Each structure stands twice: as C-alpha cells, then as structure tokens.
Amino acid sequence: MKGNLIIISSPSGGGKGTLIREVLEKVPHVGYSISHTTRSPRSGEESGKHYHFVSRAEFDAYRDQGGFLEYAEVHGNYYGTTLKQTERITESGSDVILEIDVQGAATVMEKMPEAVSIFIMPPSFEVLRARLTARATERMDDLELRLKNSLGEVMHFSNFGYVVVNDEITAASNKIATIILAERQRPHRQGELIKGILGSFERAKL
Ligand code: 5GP
C-alpha cells in the first residue's frame, strides 16, 4: 500500500522545521521531501539535507522537464517538490511530509485530493515576529517581507484539512503525529488488509 502525502504549511517562522523533526522521530515510516530552491543557503544549511540549492537555470530546466509535483515563488525565491522523490517514498509504503507554502499546498490538493493537509498556525502575530527575529537568519528586508506576507498566509488556514496551533512544541508535534497515525486508519488506506480479513469470513461459509 502506498504511503500518504502529508502537506504541512505555515508562515515563515511558524516553527515547522522543529515540529517536523520531532514528528519524524515520533512516527515510524515517515519520510521528508527535500525541496529544490533558488534561495541562498543560510549558515548551517547543507545542500541535500535541508534543501537542494540550485541556480535559477537549473530550477527552470527541471520545471520544464515536468520534474516538479508543485513549485511556487515564495518571498522572491523559487521552491519546488520533485515528483521522483515523493513517489520513491510513498511507493516504499512510507508517508511523505511536504513542507511547502500555501500556494504549493493548493496545487498539491488539486492534483491529489487524497493528500492530508495540516496548517501550522502561530499562536499570535507577536509570537511569530519574536520567533523570526530570534532566528536571526534573515536580512532585515527579508524579515520584513516574511512578516508582511504572513497575514496572507494565515488567511489560507480554512483550505486545510487540519489546523494545529503551535503554542508548545511537544503538544503541537503530538497533535501532528496523531493526525498522521489516524489518517492511516481510514478504510480506503487499508484496502488489502481488510480484503484479506473479509476473505477469511467468506471462506468460513457462515
Ligand atoms: P524558507 O526560505 O524559510 O526555508 O522557506 C520559505 C517558504 O517556502 C516556507 O513557507 C516553506 O514552507 C516554503 N517552501 C519550502 N519548500 C517548498 C517547496 O518545495 N514548495 C513550495 N511551494 N514551498 C516551499
């Protein structure tokens, strides 16, 4: 049985990086899709681990080959999720987390309505601003841009299947883990297993 696509979106500074790391530790059989981006690496970021950092020409070439499940321009840079990587993970039976923006989320929801979508909501604008400022990874103008875009992003919450307020990391990551585990129990995700069980009832000729 193929794994589920799990879309996770939030405004920049919503804390999804830390949350996702916790979820990956808590829930077995979940992979993470490493996106391609034209953004420059921040200090401590490694290509192939946090992102595949590529030039605009490389990004465009990959897009033109139809290599992306989705891509979007976010805060002035391009980001994309490769089809190859998500399929490799879901074909292996594991779920795959796509950490993508609200535009990319809308594309995936349209192409794959069975995808599970979770919006991570910061507890307030003030907390979002404090987290982004404390992270100190952005130049001042980038930080302003991310804060300015955050209102447009949080307004998309109702397009998602689930909303988790990230007020406390352990509680929020437990909620996400619960959603991922619960989604595996939906009847249509257990077709083969249920078929086998029903077969045993049929064979019993009651
Ligand atoms: P950052 O530059 O802070 O790492 O990411 C900026 C935004 O781009 C975040 O909202 C992040 O979720 C989003 N993002 C990261 N990878 C992708 C991707 O592959 N596709 C899309 N559409 N957005 C992405």
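Look above for the structure.
Residues numbered from 1 in each chain as written. Predicted model: local features only at pLDDT ≥ 70, side-chain atom pairs only at ≥ 80, totals over all residues. Heavy atoms only, no water.

Novice: In this structure, what is going on with the site of the ligand? I would like to understand it.
Specialist: Every one of the 18 residues lining the ligand counts as a neighbour, but Ser-35, Arg-39, Tyr-51, Glu-70 and Tyr-79 are closest to it. Note that a nitrogen atom of the ligand is positioned 2.7 Å from one of the side-chain N or O atoms of Glu-70. Contact distances for the ligand include 3.2 Å between an oxygen atom and a backbone N or O atom of Gly-80. Among the cavities detected, the one that contains the ligand is the largest pocket. Among the elements of the structure, strand 5 (68-74) and strand 6 (77-82) are those that each provide at least two residues to the shell around the ligand. Classifying every residue of the shell around the ligand gives five nonpolar, six polar and seven charged. (Near = heavy atom within 4 Å. Polar contact = N/O pair within 3.5 Å; in protein donor to acceptor, adjacent residues only side chain to side chain. 1 Å grid on protein atoms, 1.4 Å probe; cavity = no way out; pocket = protein on both sides within 12 Å on 5 of 7 lines; lining within 4 Å. Sits in = over half its atoms within 2 Å of the grid points. Helix = DSSP H or I, 4+ residues; strand = E, 2+ residues; numbered from the N terminus. Nonpolar A, V, L, I, M, F, W, Y, C, P; charged D, E, K, R; others polar.)

Novice: What should I look at first to understand helix 2 (residues 56-64) in this one?
Specialist: Where helix 2 is concerned, the buried positions are Phe-59, Asp-60 and Tyr-62. Projected down its long axis, helix 2 shows its buried positions confined to an angular sector of 165°, all on one face. Those residues of helix 2 that are exposed and aimed more than 90 degrees away from the buried face are Ala-57 and Asp-64. At its buried positions, helix 2 is contacted by strand 3 (36-37), strand 5, strand 6 and helix 3 (83-91). Looking one or two residues beyond helix 2, the residue adopting positive phi is Gly-66, at roughly 80°. (Buried < 20%, exposed > 50% of the residue type's maximum accessible area, 1.4 Å probe, protein only. Arc of directions from axis to C-beta. Contact = heavy atoms within 4.5 Å.)

Novice: Would you explain a nonpolar patch on the surface in this entry?
Specialist: On the surface, a nonpolar cluster with roughly 650 Å² of combined accessible area is contributed by Leu-193, Ile-194, Ile-197, Leu-198, Phe-201 and Leu-206. The residue Leu-198 is located in helix 8 (residues 191-203) in this model. (Patch = residues over 30% accessible without salt bridge, like charges linked within 9 Å, V, L, I, M, F, W, Y side chains within 5 Å. Areas by Shrake-Rupley, 256 points an atom, 1.4 Å probe, with all protein chains shown as cover. Salt bridge = Lys/Arg side-chain N within 4 Å of Asp/Glu carboxyl O.)

Novice: Looking at this structure, how should I read the environment of Tyr-78?
Specialist: Along the chain, the position of Tyr-78 falls in strand 6. Considered as a pair, Tyr-78 and Thr-38 are 40 residues apart in the sequence and their alpha carbons are 5.4 Å apart. Apart from the residues lying within four places of it in its own chain, the contact partners of Tyr-78 are His-36, Thr-37, Thr-38, Arg-39, Arg-56, Phe-59, Ala-72 and Glu-73.

Novice: Could you clarify how one ought to interpret the packing of aromatic side chains in this entry?
Specialist: In this description, a pair of aromatic rings is defined by centroid distance and the angle of the planes. Evaluation of the coordinates by the stated rule reveals eight aromatic pairs. Centre to centre, the rings of Phe-68 and Tyr-71 are 6.2 Å apart; their planes meet at 45°, and the pair counts as tilted. On the basis of relative accessibility, which here comes to 7%, the residue Phe-68 falls in the buried class. Linked through ring pairs, Phe-59, Tyr-62, Phe-68, Tyr-71 and Tyr-78 together constitute an aromatic cluster. (Phe/Tyr/Trp six-rings, centres within 6.5 Å; stacked < 30°, edge-to-face > 60°.)

Novice: Can you walk me through unusual backbone geometry in this structure?
Specialist: Across the chain, the bulk of peptide bonds are trans and the bulk of non-glycine residues have phi less than zero. Even without being a glycine, His-29 presents a positive backbone phi close to 60°. Overall, His-29 belongs to the exposed group, its relative accessible area being 57%. Backbone geometry places Lys-205, a non-glycine residue, at a positive phi of 45°. Relative to the helices and strands, Lys-205 is located in the segment after helix 8.

Novice: I tried to follow the sheet that holds strand 3 on my own but got confused; where do I start?
Specialist: Strands belonging to one sheet form pairs held by backbone hydrogen bonds; the direction of such a pair is parallel or antiparallel. Spatial ordering of the open sheet is given by 4-3-6-5, a layout of four strands whose pairing is mixed. In this open sheet, the two strands that pair with only one neighbour each are strand 4 (52-53) and strand 5. The strands touched by helix 3 within the sheet are strand 5 and strand 6, with strand 6 carrying the most contacts at an inclination of about 35°. (Pairing = 2+ DSSP bridges. Axes fitted to C-alpha atoms, helices over the stretch in contact; angles between N-to-C directions.)

Novice: What is the right way to look at the layout of surface pockets in this model?
Specialist: Picture a little ball the size of a water molecule; that probe, rolled over the atoms, points out where space is still empty. In this model, the largest pocket occupies a volume close to 1,000 Å³. Residue lining of the largest pocket: 38 residues in total, with Gly-17, Arg-42, Tyr-51, Glu-99 and Arg-135 positioned closest to the centre. If you list the elements that add at least two residues to the lining of the largest pocket, you get helix 1 (16-26), strand 5, strand 6, helix 5 (125-135) and helix 6 (140-154). Residue contributions to the lining of the largest pocket peak at six residues, all from helix 1. Here the residues of the lining of the largest pocket are counted per class, giving 11 nonpolar, 14 polar and 13 charged. (Points joined across faces, edges and corners; volume = space filled by probe spheres on them.)

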